[in-house]
Structures are given as C-alpha cells and as structure tokens.
Amino acid sequence: MNFAVVSTLKKIFERHLFAANLGLSFGLSGLGDLIEQKREKKQGHLNKPQINWTRTLHMSTSFGLTAGFLCHFWYNYLDKALPGRGIRVVVQKIAWDQVLFSPICITACLLVAGRLEDQTASNLVSQTLQLGGRLYLAEWVIWPPAQFVNFYFLPTRFRVLYDNIISLVYDTYTSHVKYQVPIVDNFQEKLIKAGIPNSEHYRAALDLCEVEEHVTTGAEEATINTSDSAVKKKFTQYEQ
C-alpha cells in the first residue's frame, strides 16, 4: 500500500509537476492559516467561533498559489543558471534566493492579498513595506539553513514540496503577521521624520527639492512683480 502511494506521488511529480506544486502550495498555506486561527481563538483574539473560510481562501490564493507559481519557475531557472551541488554553488543559490527572489516573492504575495481585499493603493504600499519587512527578516532566520538542504540534497522537482513542508510553520507566522500586526498610518512620512532612510544623499535630494521649490516660487513672484512694474510704467507714460 505504501509503495503504491509513493509510486503514485512520484508519477504525479514527474508528469504533473506544475499542478502538483500549485496544489501543495495552495493547501499547505491554507492549513497554516487554519492553525493560526485556532491559536488566535485560544488566545481570545477571534470572537467568532466558526472558521473564517474567506480569510483562509485569501491566504491560500495570495501566499499559496502566488508563491507556488513563482517558486516553480524560479527553482528551474536557478538550477539552470547555477548547475551543480558543490558548496560554492549552493551558497550562491542561497544568496540569490534570499537577496533577489525573496523580496520579489513576498511583495507579490502581499500585493495579491491586497487586491483580493480590495485595498487602496496607499494601503497596499503601507502593507507591503511594514508587513513585508517583518516577513523578510523572519525568512533570514528560517530559509538559509533550510535552503542548504534543499539545494544540496534534493532534485529540482521536489524543491517546492520541500519548501511547503518546511514553510508550514512560516505560513502560520505569515497568517499571524497578515491579520494580527497593525498597520501604522502615514508610515512613509513617519520614516522620513524619524530619519529613516538617513542617507545623506537622500536628505540632500529632499533639501534640493525644497530649494528648487522656493526658487521656482521666487522666480514666479519676481516675474509677476516685473510685469506689474512694466504695466505701471507704460500707464504712467500714457498719462504724460
């Protein structure tokens, strides 16, 4: 019986890898949200006794399907761009995955989630910056060691499956961040006032914009004053 199940799963991953990856990502992301909802009810964060299936569907779609879709093609590309399983190659893959792919994947998932919830553009930006930053920092704790195993030992077709098994805990945390962490209003303005980013070039650019604005305003006022003087001069000449 076990051999038959393993054989069937192997055939599915060989013949229908894309569909299998999407199905796994969708299901396990939803499972992570269900676990988080159960935990929230125990802690008294949720008042309704029944499960919020709309929330679970949104998580499965935005984080499950979106990440599954992107990861499927990313791992195929990564194995072709950096073939081999040596330590140096594995470290390069981990670096590419964390620095390049993770921010893109997190941003895409949050944008899809925002569109499903019909959020405004400003809310989408704030959510992506604030919640995306938390999720990205958490990824640095979980994924580099997990991806070492993934890239060093596993063939390409099992990478998304492995990701989903490892990320069940991460999916639970993602659901917590998405629905329990409050969004700060006027986040971008507060960052600037707090000095973040504190790059001197960034501050110089802001100062330059203010200077240009004052210069433009002053030039416009000077032009108006000059025009008024010219009109008055013409009028005086006419009277004489």
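Data block above holds the structure.
Now for a description of the structure that goes with this document. All of these numbers come straight from a predicted model, not from anything done at the bench.

Core analysis: the largest hydrophobic core is formed by 28 residues, its most contacted members being Phe63, Tyr75, Leu135, Phe151 and Tyr170. Within the residue set of this core, elements represented by two or more residues are helix H3 (53-81), helix H4 (87-116), helix H5 (121-153) and helix H6 (159-180). Broken down by element, the residue count for this core peaks at nine residues, all from H4. Excluding anything up to four places from it in sequence, Phe151 contacts Tyr75, Leu78, Arg85, Val90, Lys93, Ile94, Asp97 and Arg159.

Using the criterion set out here, one finds ten aromatic pairs in the structure. Taken together, a centroid distance of 5.6 Å and an interplanar angle of 50 degrees make the contact between Phe18 and Phe73 tilted. Taken together, the residues Phe18 in helix H2 (residues 17-42) and Phe73 in helix H3 connect sequence positions 55 residues apart. Among the residues examined, Phe18 registers a relative accessible area of 32% and is labelled partly exposed. For the ring pair Phe148 and Tyr152, a centre distance of 5.5 Å and an interplane angle of 10 degrees mean the geometry is stacked. Here Phe148 and its partner Tyr152 are both found in helix H5, four residues apart, which amounts to about one turn of the helix. Of the residues examined, Phe148 reaches a relative accessible area of 29% and is grouped as partly exposed. Accessibility expressed as a relative area gives 30% for Tyr152, which makes it partly exposed. Grouping aromatic residues by their ring pairs yields a cluster made of Phe18, Phe69 and Phe73. Sitting above the plane of the Tyr179 ring, Lys178 keeps its charged end 4.8 Å from the centroid.

Definitions and limits used
Residue numbers run consecutively from 1 along every chain, following the written order of its sequence. Local features in this predicted model are restricted to residues whose pLDDT is 70 or higher, and side-chain atom pairs enter the listing and the counts only when it is 80 or higher, whereas totals over whole chains, interfaces and linings include all residues. Excluded from the side-chain calculations are hydrogens and water; all other atoms, namely the structure's heavy atoms, are used. Among buried residues, those of type Ala, Val, Leu, Ile, Met, Phe, Trp, Tyr and Cys that are joined through side-chain atoms within 4.5 Å constitute a nonpolar core. Buried, partly exposed and exposed residues are distinguished by accessible area as a fraction of the type maximum, computed with a 1.4 Å probe on protein chains only: under 20%, between the cut-offs, and over 50%, respectively. What counts as a helix is a DSSP run of H or I of at least four residues, what counts as a strand is a run of E of at least two, and both are numbered from the N terminus. Pairs of residues are marked as contacts when any of their non-hydrogen atoms sit within 4.5 Å. Aromatic contacts are taken between Phe, Tyr and Trp rings whose centres are within 6.5 Å, Trp giving its six-membered ring; a plane angle under 30 degrees counts as stacked, one over 60 as edge-to-face, and the others as tilted. The rule is short: NZ of Lys or CZ of Arg within 6 Å of the ring centre and within 35 degrees of the ring normal puts a charge over the ring.

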